[in-house]
Amino acid sequence: MAERFDEGSAPERRRPQAGSNDPRQRARQGGSQRSAPGRASQPARDGSAPRSGAPTNNPRLNAASRGSAGQGAPRADAARPTQRGGRPTGRAQAGATRPAVQPGARASQPAARPSVRGGRRGQDVTVPRGPQAGATGMAPARARNQAEYAAFGDYQQMLAAPPAKRRRKWPFVVLGVIVLLAVVVGVSGYTMLNSAKTLKAQANTVMTSVSGIKDQIVSGDYDGAVTAAQKIDAAADTMASELDGPLWGIASSLPVVGPDIQNVKTLVTTLKDASANALVPLTQTLQANPPSALITSEGAIDVAALGTLLDSVQQAAPVMQRCTDSLQTMTPMNIEQLEALMGPAREKVIGINDTFQQASSFAPLVGTLLGVDGERTYLIAAQNSAEIRSSGGFPGSMGTLKIDNGAINLQDFATVYDMLTDETPSSIQFTEAETALFGDWMKVPRDAGFDPDFPAVANIWAASYTARTGNSVDGVIGITPCVVQKILAITGPITLADGTELNGQNATKVLQHDLYWKYLDSGASTFAEGNNITDALFAEAADLSFKALLGNLNSETLMKFATIMMDCMDKRETMLWLTDEADQLTIQEVGWSGSLNTDPLNPEVGVFFNLWIGSKMGWYVDITNEVQSSVVNADGTVTYQVKTTFTNTATQQEVYDGGPYLMGRLDGYESGDMVPQIYLYGPAGGTITNITASDGASLSPVIQDGDEAYLWFRPHLKPSKSIDLTYTVTTAPNPEEELGFYHMPLLTEYR
């Protein structure tokens, strides 16, 4: 049965098979082949007439080839639409007239299909599918009457050359848009580059001004401080104006850089707030009321004038805290260069805020401390870090300081043996924890410093001083030798009775090392005499340095002294205890009391070291704390793996040259072996577990003031050797700070 195509379906495209009855398939196989008997020859691919032909097996083609009067005409309305690339372009127009079927014609015969040229249908032209010129029963195309093609369309149009293709304009439109965008982006990029340069320049101005403003205040350059504050304010205005531009607004919505730009905007807004509402008003107050007015002609502190200045600090403190809170919520910058530029400015503002908050909290106490309501007496303990203790050092000498409405009177310093009783007064009651941790050390006032809790130690010293002298005190101030060095950096050098000069660069090393080696090494004639000499020189150094400060008290020295005292209190180099409980609570909140850590949001591990055998080997102690790993737990606590190492840096040669007084000597122990008592304190609200000591010792917890405390009892720590503790620290839930460490002052940096 001959294959036929239904009128409503597109022809199936498939590879021609040998012997196919479809003339189109035979045509694809090549016109050079001879036609099979009884089949029409195939038209050539170039459109020329076939060589020979015969009626085909396709009745539609045969009907088209007869062309006689009795044959039926093709159905114009049923002609297949032309195809482009194999897809139909349309169908016959609706409403076309269907011719009547002529006698002898097949009523079901389908209309002729479009021709195929090179595998694709003709473009926009419907060509009859009958045999080409030269085929059997059909005249050549040129000899035919045009009427024969009437059913297929306009003959002239069919013969006309194909219309020229219209030039497509869209590539040129796209190219123009790209060029325009390139110009816009170039202009925008240039604009943003200049804006970024402006921001960088203003940021540098801010950094320079913020760094200098504190120094200018301390040095008394209040005009310069005002100018610096105004520069910060103006720079913040300029930066804010730059960032308000539309390009930065678009950039702030982009990934990666967008959050960084938002951070910069936050920083600029914060700088503007801090400068306009805190720094400028404060510096202008200082300019109008310079601290030179704080010192009267008699050398006393003008408490009223100081109060005016502190009022300005208290007004500025909430602004600075607001700014700091805003900065601390900022996420880290994604762009390193931006973090390098803006990060230091953020840290500077936060650092200044710490000073503001401390000064603001301390301000209400200033009048009381300066004796506005009557004379105040303070016991000053000059602690010796070479004879290292948890609370700072052995109190080698002590003196008293009296203040009456700003007028200061410093009494002479004397040795601790002349200032305190030999036994702790019975009015002091020890807790079970203190007895378990410190034993009999607390029963001797000068050795009470084994306890790292300075308020407890200061209470013992105050009671012992009163029992010895009959005079009460309103508080105790503990200072270490580095404080003497910092005071001398303000006042200039002093000279001791033996001709030794102390200054702001050498005082700590001379007092904690050189004088001992001068009078107490292995070549000393008598150790008792050498010990008396060093004790006297140590007391003289404390006495002369404070008198040099008070004797040259002016606005500049007062501001510098206040600054170094705050710094020393932060490092536990200076600690303050007041007998009034309410006042002491304020000191503790500021962080100047030297008490154990009580803040669960700021977790700290306390590490404290005491020399058990009498010596001056505190000079050689090093302590390092290493956080090896950390993990945040499901309950919000944080667990840290920590290693703390204690090192004896003395060499065997130094032990030999130093002799038993400096390096320690006790029957059954080698000279130079520190044999310390070490205390480890857990963070407030947290725990310490899994403690492993390098000597295999077992440590058990004792609860002191709510904190876990552990005693490592007298391990051997020989010259040039180290010992260590490894342990696990778990904080209270949701701490605000990373794990930190606190301990008594060390002499490492002065060696």
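Below is a summary of the structure that appears in this document. (Residues numbered from 1 in each chain as written. Predicted model: local features only at pLDDT ≥ 70, side-chain atom pairs only at ≥ 80, totals over all residues. Heavy atoms only, no water.)

Structural notes on the overall build of the protein
The line we're drawing: Every helix listed is a DSSP run of H or I at least four residues long, and every strand listed is a run of E at least two residues long, numbered separately from the N terminus. Under the scheme applied here, a residue whose accessible area is under 20% of the maximum for its type counts as buried, over 50% as exposed, and between as partly exposed, the area being computed with a 1.4 Å probe on protein chains only. Residues count as neighbours in contact if any of their non-hydrogen atoms are within 4.5 Å of one another. Residue exposure ignores everything except the shown protein chains as possible cover, and the areas themselves are Shrake-Rupley values with a 1.4 Å probe.
Each helix and strand in the protein was counted, giving 18 helices and 21 strands. Here the protein, with 751 residues, has 47% of them falling under the buried criterion. Looking at the protein alone, contacts between residues at least 24 apart form 69% of all its contacts between residues at least 6 apart. When the accessible surface of the protein is totalled, it reaches about 37,100 Å², and 52% of it is carbon and sulfur.

Some details on a negative patch on the surface
Applied cut-off: Residues enter patches when their relative accessible area tops 30% and they take part in no salt bridge; the joining distance is 9 Å for like charges and 5 Å for the nonpolar side chains Val, Leu, Ile, Met, Phe, Trp and Tyr. By salt bridge we mean one thing: a side-chain nitrogen of Lys or Arg within 4 Å of a carboxyl oxygen of Asp or Glu. Neither His nor the chain termini are counted; the positive set is Lys and Arg, and the negative set is Asp and Glu. Charge placement uses NZ in Lys and CZ in Arg. For Asp and Glu, CG and CD serve respectively.
A surface patch of like charges, here negative, comprises Asp-599, Glu-736, Glu-737 and Glu-738. Checked against the element boundaries, Asp-599 lands in the loop between α17 (581–590) and β13 (604–611). For Asp-599, a relative accessible area of 34% gives the class partly exposed.

With respect to helix α8 (residues 303–328)
Note the following rule: Here the expected length of a helix is defined as 1.5 Å per residue gap, with one fewer gap than residues. To get the bend at a given residue, fit one axis to the seven residues ending there, fit another to the seven starting there, and take the angle between those axes. Any pair of N or O atoms that falls within 3.5 Å is considered a polar contact. Within protein, one atom must be able to donate a hydrogen and the other to accept it, and sequence-neighbouring residues count only if both atoms are side-chain atoms.
With 26 residues, α8 should reach 38 Å at 1.5 Å per residue; the first-to-last C-alpha distance of 36 Å fits that figure. The largest bend along α8 measures about 30 degrees and falls at Ala-316, with the proline Pro-318 one to four residues further on. Structurally, the start of α8 carries an N-cap: the backbone nitrogen of Ala-304 is 3.2 Å from a side-chain oxygen of Asp-302.

Notes on the sheet that holds strand β18 (residues 701–704)
Spelled out, the test is: Strands pair, by our definition, only if DSSP identifies at least two bridges between them. Every axis in this analysis is a line fitted to C-alpha atoms, fitted for helices over the stretch in contact. Angles between the N-to-C directions lie between 0 and 180 degrees.
Read across the open sheet, the five strands follow the order β18-β19-β16-β13-β21; overall the sheet is mixed. Since the sheet does not close on itself, it has two edges, and those belong to β18 and β21 (740–742), each with one partner. Strand-to-strand, the axes of this sheet are offset by a mean angle of 25 degrees, without reference to chain direction. In the sheet, β18 pairs with strand β19 (residues 707–713) via four bridges, with the strands oriented antiparallel. Within β19, the position partnered with Gln-704 by the bridge is Asp-707.

Thoughts on the nonpolar core
Our working definition: We call a set of buried residues a nonpolar core when its members are Ala, Val, Leu, Ile, Met, Phe, Trp, Tyr or Cys and they connect through side-chain atoms within 4.5 Å of each other.
Core analysis: the biggest nonpolar cluster contains 167 residues, and Trp-461, Leu-502, Phe-609, Phe-646 and Tyr-681 have the highest contact counts within it. Setting aside its immediate chain neighbours within four residues, Phe-609 contacts Ile-388, Arg-389, Ser-390, Val-621, Ile-623, Phe-646, Met-674, Pro-676, Gln-677, Ile-678, Leu-717 and Met-744.

Examining the environment of Thr-331
Here Thr-331 is to be found in the loop between α8 and α9 (336–369). C-alpha of Thr-331 to C-alpha of Asn-263: the two residues are 68 residues apart in sequence and 7.4 Å apart in space.

Regarding the packing of aromatic side chains
Stated precisely, the cut-off is as follows: Only Phe, Tyr and Trp rings are paired, with Trp represented by its six-membered ring, and only when their centres lie within 6.5 Å; those with planes under 30 degrees apart are stacked, over 60 edge-to-face, the remainder tilted.
Evaluated as defined, the whole model comprises 10 aromatic pairs. Each ring, one from Trp-612 and one from Tyr-669, has its centre 5.4 Å from the other, and the planes form 80 degrees; the classification is edge-to-face. Of this pair, Trp-612 sits in the loop between β13 and β14 (621–632) while Tyr-669 sits in the loop between α18 (652–663) and β16 (676–681), placing them 57 residues apart in sequence. The exposure class of Trp-612 is buried, given its relative accessible area of 19%. Taking relative accessible area as the criterion, Tyr-669 reaches 30% and is therefore assigned partly exposed. Here Phe-646 and Trp-712 contribute two aromatic rings whose centre-to-centre distance is 6.3 Å and whose plane-to-plane angle is 65 degrees, an arrangement assigned as edge-to-face. Here the residue Phe-646 occupies a position in strand β15 (residues 638–648), and Trp-712 occupies one in strand β19, the gap between them amounting to 66 residues. We classify Phe-646 as buried; its relative accessible area is 1%. The class for Trp-712 is buried, based on a relative accessible area of 1%. Put simply, the rings of Phe-608, Tyr-681 and Tyr-742 pair up and form one aromatic cluster.

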